[in-house]
Amino acid sequence: MTREEKSQVIQDLTAQLTDNANIYLADISGLNAGSTSDLRRACFKANVSMAVVKNTLLEKAMEASDKEFGELPTVLKGNTSVMYSETGNAPAKVIKAFRKKSEKPLLKGAFIEEAIYIGDDQLDMLVDIKSREELIGEIVTLLQSPAKNVISALKSGGGTLAGIIKTLSEKEG
């Protein structure tokens, strides 16, 4: 690979890192061609893009990026695949589901909405992370619940209050 080609790959990787809030690093070494193809298909179905990268080029792209990757570059040893997703837990779900059939891929680390996760032992926690949309939905539901209770109380109480006022006015008259 020429210096210009490497420079272009680093630029492309830097753009990918900048454009994605959820980045997973995984080790897929040891998977045969069929398994790798199955993993790529599973990623595609889950809206996860996956690419095998050279560690040195990815490390340079991380340095060039405006994001703070913390300890994440320390896991760049051996075979590394990068997974990008709009949903924070989608790659973790793909990895976990795929590992029911195989020992790989192993999670090396992840960058999720500016939080850093290192090591395969973080996989179960990452599967349980809620997406931004799920969290917003839960917050909206929580906020609507008391308002709905107040409105229903006012409607039912309002009818009772109107009845009391009407009864009182009829007694006076």
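From a predicted model like this one, the values you see are computed outputs, not experimental measurements. (Residues numbered from 1 in each chain as written. Predicted model: local features only at pLDDT ≥ 70, side-chain atom pairs only at ≥ 80, totals over all residues. Heavy atoms only, no water.)

## Things to note about unusual backbone geometry
Here the amide bond leading from K104 into P105 is cis, since omega sits at 0°, within 30 degrees of zero. Mapped onto the secondary structure, P105 falls in the loop between α4 (90-98) and β4 (106-112). We note that N47 has phi near 60°; this positive angle belongs to a residue other than glycine. Structurally, the position occupied by N47 is in the loop between α2 (33-45) and β2 (48-53). For E113, which is not glycine, the phi torsion reads 45° and is therefore positive. Mapped onto the elements, E113 comes out in the loop between β4 and β5 (115-118). (Helix = DSSP H or I, 4+ residues; strand = E, 2+ residues; numbered from the N terminus.)

## A word on the pairing of β5
Sheet analysis places β4 next to β5, joined by 4 bridges and oriented antiparallel. Across the sheet, the residue bridging to I112 is A115, located in β5. Counted between consecutive antiparallel strands, the loop separating β4 from β5 contains 2 residues, among which E113 sits at a positive phi close to 45°. (Pairing = 2+ DSSP bridges.)

## A look at α2
Compared with an ideal rise of 1.5 Å per residue, which puts 13 residues at 18 Å, α2 spans 18 Å between its outermost C-alpha atoms and is within 8% of the ideal. Inspection of α2 places T36, L39 and C43 among the buried residues, and these make up the whole buried set. Relative to the axis of α2, the buried residues are bounded by an arc of 60° and lie together on one face. What points out from α2, more than 90 degrees from its buried face, is the exposed set F44 and K45. Taken together, the buried residues of α2 touch β2, β3 (80-85) and α4. Its side-chain oxygen at 3.1 Å from the backbone nitrogen of G34, N32 defines the N-terminal cap of α2. Count one or two residues on from α2 and you reach N47, which has phi positive near 60°. (Expected span 1.5 Å × (residues − 1). Buried < 20%, exposed > 50% of the residue type's maximum accessible area, 1.4 Å probe, protein only. Arc of directions from axis to C-beta. Contact = heavy atoms within 4.5 Å. Polar contact = N/O pair within 3.5 Å; in protein donor to acceptor, adjacent residues only side chain to side chain.)

## Considering the nonpolar core
A general feature of soluble globular proteins is that nonpolar side chains tend to end up buried together. The biggest cluster of nonpolar side chains holds 22 residues, and the ones touching the most others in it are Y24, L39, C43, M83, I95 and L126. Counting residues per element, the ones that place at least two in this core are β1 (22-27), α2, β2, α4, β4 and α5 (123-127). Element by element, the count of residues in this core is highest for α4, at 5 residues. Other than its neighbours up to four places away in sequence, L39 contacts I28, L31, M50, M83, V94, F98 and P105. (Core = buried A, V, L, I, M, F, W, Y, C linked by side-chain atoms within 4.5 Å.)

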